[in-house]
There are 2 protein chains.
Amino acid sequence: MVYDRGMKIGELANKTGLTTKTIRYYEDIGVLPEPGRHANGYRSYHPSVIDRVGFIKDAQASGLSLIEIQVILELRDEGESTCGHTVRLLESHLEDVQTQIIDLHRTKTLLEKMIVKAKALDPADCLNPNRCQTISATHLQMEGTGTE
Amino acid sequence: MVYDRGMKIGELANKTGLTTKTIRYYEDIGVLPEPGRHANGYRSYHPSVIDRVGFIKDAQASGLSLIEIQVILELRDEGESTCGHTVRLLESHLEDVQTQIIDLHRTKTLLEKMIVKAKALDPADCLNPNRCQTISATHLQMEGTGTE
DNA sequence: AAATACCTTCCAGCCGACTAGAAGGTTTGT
DNA sequence: ACAAACCTTCTAGTCGGCTGGAAGGTATTT
């Protein structure tokens, strides 16, 4: 059963660039399966786990959360016809990404406007709190004291 | 000193769309100044705070963190020439946003490829774990068992 | 006088992805 | 023989931006 050729956690950490802490954490939340154990209780990893970690990293880099990744991997581990689920998950995530891109573009535009506006100000005005409109995107005059 | 015409917190909440909890939280972290108090100890807000909240919301919508906003407002409250600093902050944040947009486009492309790939697969193959390549972005074959 | 709708403070928890440290067991090297 | 470098489990903390609840004070209405 326990074939002692399996990597120990430190070795896996070295090969994947994760820390041992992170590996155990991934195991806790289920994105990495519970590994076998050596006779002494140490975790024993099959080389294929390296690929699995690679997948996790790729998926993470694509913006999937560990929870989403966990769902995909779980389904896959069950040998289910994962593709349908996965495609749906991916598509839903793609939508999120598209929304995020749009939002970021809005943000970018806003920032650019703010910067242009700020730069156009006479520096002297900056010392006058009643005139500093640097950031005021729309209606803000940055006036006054807050409270009395 | 305490002029009782000031808004109470609930009124400010109504006018700004923040909750009273959030307003107190903003006070705690310093993006809103400590307000005056009514005779009974209730917070008493000057109307200008509404604008300040508006500024905070705009800045937040631009992706600035409350900490960054706090820095700007603090400087401004001190009568500093905030504009230069603010512009620098905004520009640095703009760079971040641009990077994020690029990253997200990469992600989007990756996701689209993954989806296309997944859809192109013969559904039957999905039942074969050794063939299900749905998600494998680059090098992943999604093969095998994890560990023994 | 009581109900209600405010207000006050403080403490606790949520999300996600870790990271740190304590307290111990094991293995390797000299 | 003993230190160092590994491994184990467990608990708890970090960041940011809130949100919730408890336990109490106050103001208004009935």
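Caption draft 1: Up close: the overall build of chain A. Each helix and strand counted, chain A has six helices and two strands in total. Going from N to C terminus, chain A has its helices and strands arranged as α-α-β-β-α-α-α-α. For chain A, the proportion of its 148 residues judged to be buried stands at 43%. The contacts in chain A between residues at least 6 apart in sequence include a share of 43% that link residues at least 24 apart.

Caption draft 2: Quick peek at the protein's contact with DNA strand C. As a structural note, the neighbourhood of DNA strand C is formed by 18 residues, with Lys21(A), Tyr26(A), Tyr42(A), Gly10(B) and Arg24(B) the closest of them. Among all atoms of DNA strand C positioned within 4 Å of the protein, those belonging to sugar or phosphate total 67%. Here Tyr25(A) contributes a side-chain N or O atom positioned 3.4 Å from a base nitrogen of DNA strand C. In this structure, a phosphate oxygen belonging to DNA strand C sits 2.7 Å away from a main-chain N or O atom of Gly10(B). Within the residue set of the surface near DNA strand C, elements represented by two or more residues are helix H2 (20-29) of chain A together with helix H1 (9-16) of chain B. It is H2(A) that contributes the most residues to the surface near DNA strand C, four residues altogether.

Caption draft 3: How the structure looks around the pattern of salt bridges. Residue and element names in this part refer to chain B. For the structure on display, the rule yields five salt bridges over all chains. A salt bridge links Lys 15 to Glu 11; the shortest N-O distance between them is 3.4 Å. Taken together, the positions of Lys 15 and Glu 11, both in helix H1 and four residues apart, correspond to about one turn of that helix. Here Glu 27 makes a salt bridge to Arg 43, at a shortest N to O gap of 2.7 Å. Placement of Glu 27 in helix H2 (residues 20-29) and of Arg 43 in strand E2 (residues 43-44) is noted, with a sequence separation of 16 residues between them. Assigned by exposure class, Glu 27 and Arg 43 land together as buried.

Caption draft 4: Here's a closer look at the protein's contact with DNA strand D. Of all residues adjacent to DNA strand D, which total 18 residues, the nearest are Gly10(A), Arg43(A), Lys21(B), Tyr42(B) and Gln60(B). Backbone sugar and phosphate groups make up 66% of those atoms of DNA strand D lying within 4 Å of the protein. Arg43(A) is positioned such that a nitrogen or oxygen atom in its side chain is 2.7 Å from a phosphate oxygen of DNA strand D. Elements represented by at least two residues in the surface near DNA strand D include exactly helix H1 (9-16) of chain A together with H2 of chain B. With four residues, H2(B) is the single largest residue contributor to the surface near DNA strand D.

Caption draft 5: Main features of the environment of Ile115(B). Among the secondary structure elements, Ile115(B) is positioned in helix H5 (residues 82-120). On the basis of relative accessibility, which here comes to 7%, the residue Ile115(B) falls in the buried class. Here Ile115(B) is in contact with Val87(A), Leu90(A), Glu91(A) and Leu94(A), once residues within four sequence places are set aside.

Caption draft 6: Spotlight on H2(B). Residue and element names in this part refer to chain B. Those residues of H2 not exposed but buried are Ile 23, Tyr 26 and Glu 27. Mapping the buried residues of H2 onto a view down its axis gives an arc of 100°, with all of them on the same face. Exposed residues pointing more than 90 degrees away from the buried face of H2 are listed as Lys 21 and Asp 28.

Caption draft 7: Representation of the packing of aromatic side chains within the structure. Residues and elements named next belong to chain A. Under the defined criterion, the tally for this structure stands at two aromatic pairs over all chains. With 6.0 Å between their ring centres and 45° between their planes, Tyr 25 and Tyr 26 make a pair best called tilted. Taking relative accessible area as the criterion, Tyr 25 reaches 43% and is therefore assigned partly exposed.

Caption draft 8: Inspection of the packing of H1(A) against H2(A) at higher detail. Residue and element names in this part refer to chain A. Packing of H1 against H2 leaves a shortest axis separation of 9 Å and a crossing angle of 100°. The angle between the axes of H1 and H2 places the two elements in the roughly perpendicular class. Contact with H1, carried on its side by Ile 9, Gly 10, Leu 12, Ala 13 and Thr 16, involves Thr 20, Ile 23 and Arg 24 of H2 and no other residues of that element. Along the lines of polarity and charge, the residues of the contact of H1 with H2 split into four nonpolar, three polar and one charged.

About the cut-offs
- Residues numbered from 1 in each chain as written.
- Chains lettered and ligands numbered in written order.
- Predicted model: local features only at pLDDT ≥ 70, side-chain atom pairs only at ≥ 80, totals over all residues.
- Heavy atoms only, no water.
- Helix = DSSP H or I, 4+ residues; strand = E, 2+ residues; numbered from the N terminus.
- Buried < 20%, exposed > 50% of the residue type's maximum accessible area, 1.4 Å probe, protein only.
- Contact = heavy atoms within 4.5 Å.
- Near = heavy atom within 4 Å.
- Polar contact = N/O pair within 3.5 Å; in protein donor to acceptor, adjacent residues only side chain to side chain.
- Salt bridge = Lys/Arg side-chain N within 4 Å of Asp/Glu carboxyl O.
- Arc of directions from axis to C-beta.
- Phe/Tyr/Trp six-rings, centres within 6.5 Å; stacked < 30°, edge-to-face > 60°.
- Axes fitted to C-alpha atoms, helices over the stretch in contact; angles between N-to-C directions.
- Parallel < 35°, antiparallel > 145°, perpendicular 65-115°, else oblique.
- Nonpolar A, V, L, I, M, F, W, Y, C, P; charged D, E, K, R; others polar.

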